[in-house]
Amino acid sequence: MTDRPNLLFLFPDQWRGDWLGCAGNNIPVQTPNIDRLACFGIRFPNARTNSPLCAPARACLATGAAYPAAGVAGGHDDLARDAPTIFQRLRDAGYVVATCGKNDLRKGAYMRGDAGAGDWLTALGFTQIR
């Protein structure tokens, strides 16, 4: 078995990349934990989002599709259970693919009061759900 990199994706909603200590700016906010992660990883300081809304933006990232093709127009929509995702590809490559906290890929269902997401998240490629 070959060594593979560990991958950690953080998806905060209200977080200005230029307000991180690792961005090199002199700011009044202290961000030592994120700075340490950035020191040992890769940052994408020029990355932009496909949508200013969290659910569509996360669906675009999960599917690799542009906003119109990802199938999540707003916060009331869910990513289709049968949508091909990066999480499935990582799982199929032998990675443990975990999610914790809110991932907003099923935000519409949560808004409608349907909190049961285990089978749906497994279908999207997650192997551990917290």
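Structure shown above.
Let us look at the structure shown here. Just so we're clear, the structure is a prediction, and the values are computed from it rather than from any experiment.

Within the secondary structure layout, arginine 4 lies in the segment before helix H1 (32-39). When the C-alpha positions of arginine 4 and tyrosine 95 are compared, they lie 9.1 Å apart, and in sequence the two are 91 residues distant. Not counting residues within four places of it along the chain, the set of residues in contact with arginine 4 comprises Ala93, Gly94 and Tyr95. At 2.5 Å, the side chain of arginine 4 and the backbone oxygen of alanine 93 are in polar contact. A distance of 3.3 Å separates the side chain of arginine 4 from the backbone oxygen of glycine 94, its partner in a polar contact.

What follows deals with the side chain of serine 51. Structurally, the position occupied by serine 51 is in the loop between H1 and helix H2 (54-63). Under the relative-accessibility criterion, serine 51 is labelled buried at 5%. Within the structure, serine 51 has its side chain in polar contact with the backbone nitrogen of leucine 53 (distance 3.1 Å). Leave out the neighbours within four places in its chain, and serine 51 touches Pro56, Ala57 and Tyr67.

Burial within H2 is extensive, with eight of its ten residues counted as buried. Residues Cys54, Ala55, Pro56, Ala57, Arg58, Ala59, Cys60 and Ala62 constitute the buried set of H2. Where the residues of H2 are buried, they touch helix H3 (67-70), helix H4 (86-92) and helix H5 (107-111).

This part takes up the packing of aromatic side chains. Applying the stated criterion to the full structure yields one aromatic pair. Its guanidinium or amino end placed over the ring of tyrosine 95, arginine 4 lies 4.3 Å from that ring's centre, counting from NZ or CZ. In this structure, arginine 106 is placed above the aromatic ring of tryptophan 120, and the distance from its NZ or CZ to the ring centre is 5.7 Å.

In summary, soluble globular proteins display a tendency toward joint burial of nonpolar side chains. Judged by nonpolar contacts, the single largest core of 18 residues is most densely connected at Leu79, Phe87, Val97, Leu105, Trp120, Leu124 and Phe126. The set of elements that each furnish at least two residues to this core consists of H2, H4 and helix H6 (118-124). For this core, the leading source of residues is H2, giving four residues. Once residues lying within four places of it in the same chain are set aside, the contact partners of tryptophan 120 are Leu79, Ala80, Arg81, Leu105 and Arg106.

Nonpolar side chains collect at one region of the surface, where Leu7, Phe9, Phe11, Leu61 and Ile86 lie side by side and expose about 430 Å² of accessible area between them. Inspection of the secondary structure puts leucine 61 in helix H2. A relative accessible area of 38% places leucine 61 in the partly exposed class.

Rules behind the numbers
Residues numbered from 1 in each chain as written. Predicted model: local features only at pLDDT ≥ 70, side-chain atom pairs only at ≥ 80, totals over all residues. Heavy atoms only, no water. Helix = DSSP H or I, 4+ residues; strand = E, 2+ residues; numbered from the N terminus. Contact = heavy atoms within 4.5 Å. Polar contact = N/O pair within 3.5 Å; in protein donor to acceptor, adjacent residues only side chain to side chain. Buried < 20%, exposed > 50% of the residue type's maximum accessible area, 1.4 Å probe, protein only. Phe/Tyr/Trp six-rings, centres within 6.5 Å; stacked < 30°, edge-to-face > 60°. Lys NZ or Arg CZ within 6 Å of the ring centre and 35° of its normal. Core = buried A, V, L, I, M, F, W, Y, C linked by side-chain atoms within 4.5 Å. Patch = residues over 30% accessible without salt bridge, like charges linked within 9 Å, V, L, I, M, F, W, Y side chains within 5 Å. Areas by Shrake-Rupley, 256 points an atom, 1.4 Å probe, with all protein chains shown as cover. Salt bridge = Lys/Arg side-chain N within 4 Å of Asp/Glu carboxyl O.

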